[in-house]
Amino acid sequence: MKTERKSDPFLSLLPTRMILMLYSIVVLYPLIWTVYTSFKTTNEFYDSPWALPKQFYFENFVKAFTEAQIGHYFINSAVVTIVALLICNSISFAAAYAITRFRFPFSGFLRRMFMSALFFPIAFSIVPLFMLLNKLHLLDNLAGLGIAYAAHAIPFTIYLLTGFLVTIPKEYEEAAMIDGCSHFGILLRIIAPMAKAGVVTITIFNFMAFWNEYIMALSFISTESKRTLTLGLAYLMEVQRYATDWGALFAGLVTVMIPTMVLYAILQRQITSGISLGGLKG
């Protein structure tokens, strides 16, 4: 009687691992190249763009923060992102709770309307948002830009949060109501802690989207002192094209990448577990 030979797990997964390693190299090498190029002088860049720097030239970051005002743009982006996150998360969380817990006329239509908004490209909303912000006197305003970011992200945020809220048993709310807790108290004291994974996940996604956004910032911001980091970096690229100070340009690129890379590296497990939880139970 012949016995079946068990295949080696390592050999069976070797093609998949090789593909993933190749993909990792393709993705990581441009990032690594950008980081070590930010420490090179312009002459070193022209001599050999792909070589490692002979020494770490930190003057590039000094020029980026002083002459190119990257530090000022960094603060602008932080302000806009915080405003957008506060508005988007608070409205979306309350709306997702109402959609999943209450039944009222047109509740199903309202949910489908939020879902349909996911399929509208950002370019379709530029002109209406521009006219609306202009009427509200919020054009060329950091708060107005944050409101525009939040408005565009609300449908996706509601869609993802509903996947988490529907998994929370209603018995917790019923017990809290028996104890005299209001709907608002239930939302903050019961639902919010139990939906922490979903809130953290969507906050990270929205942070990355707001931090790296360019089209709305270009359309709604015209004053130089109010530019966001991505917008300021784009203007810096135009200036450095003629000034040939490539070190300062790459230093600005690294400054833009650092917050999102650090945030994703720290909260990677939270992101993946949150997506899996919402996808399986939603």
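Before reading further, recall that the structure is shown in the block above.
None of these values were measured; they are calculated from a predicted model.

Here the focus is the nonpolar core. Leu145, Tyr149, Leu165, Ile191, Met216 and Phe220 are the most contacted members of the largest nonpolar core, which totals 55 residues. Looking at which element gives the most residues to this core, the answer is helix H8 (residues 142–165), with 12 residues. If we skip the residues at most four places from it in the chain, Met216 touches Ile122, Ser125, Ile126, Leu129, Leu145, Ala148, Tyr149, His152 and Ile221.

This part takes up the pattern of salt bridges. By the definition in use, this model includes one salt bridge. Across the pair Arg101 and Glu173 runs a salt bridge, and its minimum N-O distance is 2.2 Å. Of this pair, Arg101 sits in helix H5 (residues 70–101) while Glu173 sits in helix H9 (residues 171–178), and the two are 72 residues apart along the sequence. Assigned by exposure class, Arg101 and Glu173 land together as buried.

A full pass over the atoms with the stated rule returns 12 aromatic pairs. Taken together, a centroid distance of 5.2 Å and an interplanar angle of 90 degrees make the contact between Phe39 and Phe56 edge-to-face. Of this pair, Phe39 sits in the loop between helix H2 (14–37) and helix H3 (42–47) while Phe56 sits in the loop between H3 and helix H4 (59–66), placing them 17 residues apart in sequence. Ring geometry for Phe45 against Tyr46: centres 5.9 Å apart, planes inclined by 70 degrees, an arrangement best described as edge-to-face. With relative accessibility at 49%, the residue Tyr46 sits in the partly exposed group. Connected via pairs of aromatic rings, a cluster forms that spans Trp33, Phe45, Tyr46, Trp50 and Phe250. One residue, Arg227, lies across the ring of Tyr235, its end atom 3.7 Å from the ring centre.

With that settled, the discussion passes to the environment of Pro155. Relative to the elements of secondary structure, Pro155 occurs in helix H8. Taking the C-alpha atoms as reference points, Pro155 and Met237, 82 residues apart in sequence, are found 33 Å from one another.

The next subject is the packing of H4 against helix H14 (residues 246–266). Any two packed helices are characterised by how steeply their axes cross, that is the angle between the axes, and by the distance between the axes. With their axes 8 Å apart at the nearest point, H4 and H14 run at an angle of 75 degrees to one another. With respect to each other, H4 and H14 are oriented roughly perpendicular. Packed against H4, whose contacting residues are Asn60, Phe61, Lys63, Ala64 and Phe65, the element H14 presents Gly247, Ala248, Ala251, Gly252, Val254 and Thr255 at the interface.

In this section: the side chain of Ser77. Within the element layout of this structure, Ser77 appears in helix H5. In contact with Ser77, not counting residues within four places along its chain, are Trp211, Thr228 and Leu229.

For the rest of this paragraph, the subject is the environment of Met115. Structurally, Met115 is set in helix H6 (residues 107–116). By relative accessible area, Met115 is classed as partly exposed at 33%. A C-alpha to C-alpha distance of 6.5 Å links Met115 and Tyr159, two positions 44 residues apart in sequence.

Moving on, we get to the packing of H5 against helix H11 (residues 196–211). With their axes 9 Å apart at the nearest point, H5 and H11 run at an angle of 140 degrees to one another. Judged by the inter-axis angle, H5 sits oblique to H11. The two elements H5 and H11 cross, and the hand of that crossing is right-handed. Only Val199, Thr203, Asn206, Phe207, Phe210 and Trp211 of H11 make contact with H5, whose side of the interface consists of Phe74, Ser77, Ala78, Thr81, Ala84, Leu85, Cys88, Asn89 and Phe93. Grouping the constituent residues of the contact of H5 with H11 by class yields 10 nonpolar, five polar and no charged.

Locating Asn206 in the fold gives a position in helix H11. Excluding its chain neighbours within four sequence positions, the residues that come into contact with Asn206 are Leu85, Cys88, Asn89, Ala153 and Thr157.

Before going further, it helps to examine unusual backbone geometry. Not every positive phi belongs to a glycine, and His137 is a case in point at roughly 60 degrees. Residue position: His137 is located in the loop between helix H7 (123–135) and H8. Although it is not a glycine, Asp140 sits at a positive phi angle of roughly 55 degrees. As for its placement among the helices and strands, Asp140 is situated in the loop between H7 and H8. Under the relative-accessibility criterion, Asp140 is labelled buried at 16%.

Together, Leu22, Tyr23, Val26, Val27, Leu28 and Ile32 line one region of the surface with nonpolar side chains, adding up to about 600 Å² of accessible area. Inspection of the secondary structure assignment puts Leu22 in helix H2.

Reading guide: rules and limits
- Residues numbered from 1 in each chain as written.
- Predicted model: local features only at pLDDT ≥ 70, side-chain atom pairs only at ≥ 80, totals over all residues.
- Heavy atoms only, no water.
- Core = buried A, V, L, I, M, F, W, Y, C linked by side-chain atoms within 4.5 Å.
- Buried < 20%, exposed > 50% of the residue type's maximum accessible area, 1.4 Å probe, protein only.
- Helix = DSSP H or I, 4+ residues; strand = E, 2+ residues; numbered from the N terminus.
- Contact = heavy atoms within 4.5 Å.
- Salt bridge = Lys/Arg side-chain N within 4 Å of Asp/Glu carboxyl O.
- Phe/Tyr/Trp six-rings, centres within 6.5 Å; stacked < 30°, edge-to-face > 60°.
- Lys NZ or Arg CZ within 6 Å of the ring centre and 35° of its normal.
- Axes fitted to C-alpha atoms, helices over the stretch in contact; angles between N-to-C directions.
- Parallel < 35°, antiparallel > 145°, perpendicular 65-115°, else oblique.
- Left-handed = near helix turned anticlockwise from the far one by under 90°.
- Nonpolar A, V, L, I, M, F, W, Y, C, P; charged D, E, K, R; others polar.
- Patch = residues over 30% accessible without salt bridge, like charges linked within 9 Å, V, L, I, M, F, W, Y side chains within 5 Å.
- Areas by Shrake-Rupley, 256 points an atom, 1.4 Å probe, with all protein chains shown as cover.

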